[in-house]
Amino acid sequence: MRWRPRRWPSATLVVRVVYQGSFLALFFFLLASLADGDTRDFPHTLFHHLDPLSTLGVALASWSLPAALAWGSALLVLTLGVGRVFCGWICPLGTMQQLASFLFSPRSRRESLEVNRYRRWFALKTYLLAGVLAWALLGSLQTGLLDPLSLSARGLASGLWPVLPGGRAVPGGWLAAALLVAILVASRFVPRLFCRALCPLGALLGLFARWSLFRIQRGASSCTQCTLCRFACQGADEPLGAHRASECHVCLNCVDHCPEGSIRFRFLGRAPVAPEIPDLSRRLLAGSLLGGLVAGPLLRASGGGRGEARAERIRPPGSLPEMQFLDRCVKCSLCQQACPTGAIQPAITQAGFEGFWSPVVVPRRGGCELACTRCGEVCPTGAIERLTAARKTGYDGGEPVRIGTAFVDRGRCLPWAMATPCIVCEEMCPTDPKAIWFERIDATRRDGSTVALQRPLVDPQRCVGCGLCENRCPVGEAAAIRVSSVGESRDPLNRMLLGA
């Protein structure tokens, strides 16, 4: 039968586009509300709590499972029912790729048939999944580097928001932004190339989709081999041949475009799936697992960042001890986006390779407000614990949460080095009583005149390492008072004097 062009999009396409647009808009809205400091209780971690890759990675790395991440299992159950519907209907990165492909790649049907073909190297995503899960099993959680939800949040928080009015620059943010842009540009050449070949979350869902109850079925007797289903496919399913349920994004374009009505999405129960096993090389799969198992200890032994305290590795308040923190942090950048002062930045070199892009406080960029607990409220994995303002400040009667200690650089401090009056750091100190106090002297200048000076000193028992003093220090470049991680509450060994 001759194919007849459609004048109007099908109801299925309209519904799917509405779903995709709504979820993408919700993803942007939640990020925007974080960046704007909106204090209303929106579900900012909704997408990340539904992420089974984070659930599995955290469970393997930490041998524990935060209750909120249990929602990730719901997505796996959904996948067992209807396949990779998350990829085709919900995933914000998938929708952005689809939009980029639609806008920037007008192709002929012949070209679309060629680029939509399944290729064996699309199995790379499964090898990546095996590698990062093996890595997590040894306690190094790196699933977030290629997780589409964390990757999208990082790219937008570091690449888009900083260029908007009022946005704050993110050091190294171009790395995350460039990766996101590269993924979108790649869709110009192959639709949703990241989903087809690189996405470990898609690979995980694909493993479950092979047993999904609802799948695509082609009626061989009525099919005329017109190839319109293959032309419209968003994944690499190739419904005209052997239906690959693990590659199908459940976009249902093939159903809509089949002029004979030969393709249907229907309940198939336990009917056999063809091909029965993923198109994987056992040798490459074993190599991926072995690579993941070897990479963790090697990087850790070569300065991965766990075993030693680092002055500039100042974690947000409420962070777990470093070992546990790295077992849970998926590098989603939500805490960075939520920080009202811009103090939380991605770690580029401060935390070693294992801690790459994990959050650190950079006081020169912004101080940690004394009663602010936003970072812990939006952490989806519990790497940063939820704190109340009373608990953080110590107003509940306990010790305040310390993230470090401030030190005066007497070679740069104006009263100490230049005989110039300055009390900014003491004025900015938020603790009560203040951690910064003065030594009062009358100093003699070079011309013989005298000047009354108040030289700042730090009481380490009072200092919580908030960094407001460093942030507001008037000395350019490196501040004359700087915060180090020593004295942080989360590490009893990171002390100026052990046992103190």
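A brief structural summary. Just so it is clear, the structure is predicted and the values come from calculations on it, not from any experiment.

### What about helix H6 (residues 92-104)?
With 13 residues, H6 should cover 18 Å at 1.5 Å per step; its first-to-last C-alpha distance of 18 Å lies within 8% of that length. Along H6, the residues that are buried comprise Pro92, Leu93, Gly94, Thr95, Met96, Gln97, Gln98, Ala100 and Ser101. Its buried side turned inward, H6 meets helix H1 (11-35), helix H2 (46-49), helix H5 (85-90), helix H9 (148-160), helix H10 (173-186) and helix H11 (193-197).

### Digging into the packing of aromatic side chains
The tally for this structure, following the rule as stated, stands at twelve aromatic pairs. With a centroid separation of 6.2 Å and an interplanar angle of 15 degrees, the aromatic rings of Trp135 and Phe353 are classed as stacked. One end of the pair, Trp135, is in helix H8 (residues 124-137); the other, Phe353, is in the loop between strand E3 (344-346) and strand E4 (359-361), and 218 residues separate them in sequence. Accessibility expressed as a relative area gives 12% for Trp135, which makes it buried. On the basis of relative accessible area, Phe353 is assigned to the partly exposed category, the value being 42%. Seen in terms of ring centroids, Phe214 and Phe267 are 5.5 Å apart; in terms of plane orientation they differ by 70 degrees. Their pairing is edge-to-face. You can see Phe214 sitting in strand E1 (residues 214-218) and its partner Phe267 sitting in strand E2 (residues 263-267), a full 53 residues away along the chain.

### Regarding empty space enclosed by the protein
Here the structure, examined in full by the defined rule, presents eleven cavities of 30 Å³ or more. In this structure, the second largest cavity encloses a volume near 130 Å³. What lines the second largest cavity is a set of 22 residues, and nearest its centre among them are Cys329, Cys332, Ser333, Cys335 and Pro359. Those elements that provide at least two residues to the lining of the second largest cavity are helix H16 (322-328), helix H17 (334-338) and E3. Looking at the lining of the second largest cavity residue by residue, the class counts come to 15 nonpolar, five polar and two charged.

### As for a nonpolar patch on the surface
Taken together, the side chains of Trp63, Leu137, Leu138, Leu290, Leu293, Val294 and Leu298 define a hydrophobic patch exposed on the protein surface, amounting to about 700 Å² of accessible area. Considering each element in turn, the nonpolar patch owes the most residues, four residues, to helix H15 (residues 282-301).

### Considerations on helix H12 (residues 200-209)
Of all the ten residues making up H12, eight are buried; the element is thus mostly covered by neighbouring parts of the structure. The set of residues buried in H12 consists of Pro200, Leu201, Gly202, Ala203, Leu204, Leu205, Gly206 and Ala209.

### Observations concerning the environment of Leu13
Mapping Leu13 onto the fold places it in helix H1. Since its relative accessible area comes to 28%, Leu13 is described here as partly exposed. Residues Leu13 and Thr450, 437 residues apart in the sequence, show an inter-C-alpha distance of 81 Å.

### Focus on unusual backbone geometry
Note that the residue after Asp432, namely Pro433, is joined by a cis bond; omega there is -5 degrees. Secondary-structure assignment places Pro433 in the loop between helix H21 (424-428) and strand E6 (436-444). Of note, the phi angle at Gln225 is positive, near 60 degrees, even though the residue is not glycine. Mapped onto the fold, Gln225 is located in the loop between E1 and helix H13 (228-232). Although it is not a glycine, Leu252 sits at a positive phi angle of roughly 65 degrees. Looking at the secondary structure, you find Leu252 in the loop between H13 and helix H14 (253-257).

### Considerations on the side chain of Asn116
The topology assignment puts Asn116 in the loop between helix H7 (109-115) and H8. A distance of 2.8 Å separates the side chain of Asn116 from the side chain of Arg196, its partner in a polar contact. The residues contacting Asn116, other than those within four sequence positions of it, are Pro191, Arg196, Arg230, Phe231, Ala232, Cys233, Gly235, Ala236 and Glu238.

### Notes on the nonpolar core
Core analysis: the biggest nonpolar cluster contains 52 residues, and Phe27, Leu31, Phe86, Leu93 and Leu205 have the highest contact counts within it. For Phe27, the contacting residues outside a window of four places in its chain are Phe47, Pro92, Leu149, Ser152, Ala153 and Leu156. Leu320, Cys329, Cys339 and Ala480 belong to the second largest nonpolar core, which has 36 residues in total.

### Some words on the pattern of salt bridges
This structure, assessed with the given rule, holds twelve salt bridges. The partner of Asp409 in a salt bridge is Arg482, and the shortest N-O contact between them spans 3.0 Å. Separated by 73 residues along the polypeptide, Asp409 in the loop between strand E5 (405-408) and helix H20 (414-417) and Arg482 in strand E8 (residues 481-484) bring together distant segments of the chain. Residue classification places Asp409 among the partly exposed residues on the basis of a relative accessible area of 23%.

The rules behind these values
- Residues numbered from 1 in each chain as written.
- Predicted model: local features only at pLDDT ≥ 70, side-chain atom pairs only at ≥ 80, totals over all residues.
- Heavy atoms only, no water.
- Helix = DSSP H or I, 4+ residues; strand = E, 2+ residues; numbered from the N terminus.
- Expected span 1.5 Å × (residues − 1).
- Buried < 20%, exposed > 50% of the residue type's maximum accessible area, 1.4 Å probe, protein only.
- Contact = heavy atoms within 4.5 Å.
- Phe/Tyr/Trp six-rings, centres within 6.5 Å; stacked < 30°, edge-to-face > 60°.
- 1 Å grid on protein atoms, 1.4 Å probe; cavity = no way out; pocket = protein on both sides within 12 Å on 5 of 7 lines; lining within 4 Å.
- Points joined across faces, edges and corners; volume = space filled by probe spheres on them.
- Nonpolar A, V, L, I, M, F, W, Y, C, P; charged D, E, K, R; others polar.
- Patch = residues over 30% accessible without salt bridge, like charges linked within 9 Å, V, L, I, M, F, W, Y side chains within 5 Å.
- Areas by Shrake-Rupley, 256 points an atom, 1.4 Å probe, with all protein chains shown as cover.
- Salt bridge = Lys/Arg side-chain N within 4 Å of Asp/Glu carboxyl O.
- Polar contact = N/O pair within 3.5 Å; in protein donor to acceptor, adjacent residues only side chain to side chain.
- Core = buried A, V, L, I, M, F, W, Y, C linked by side-chain atoms within 4.5 Å.

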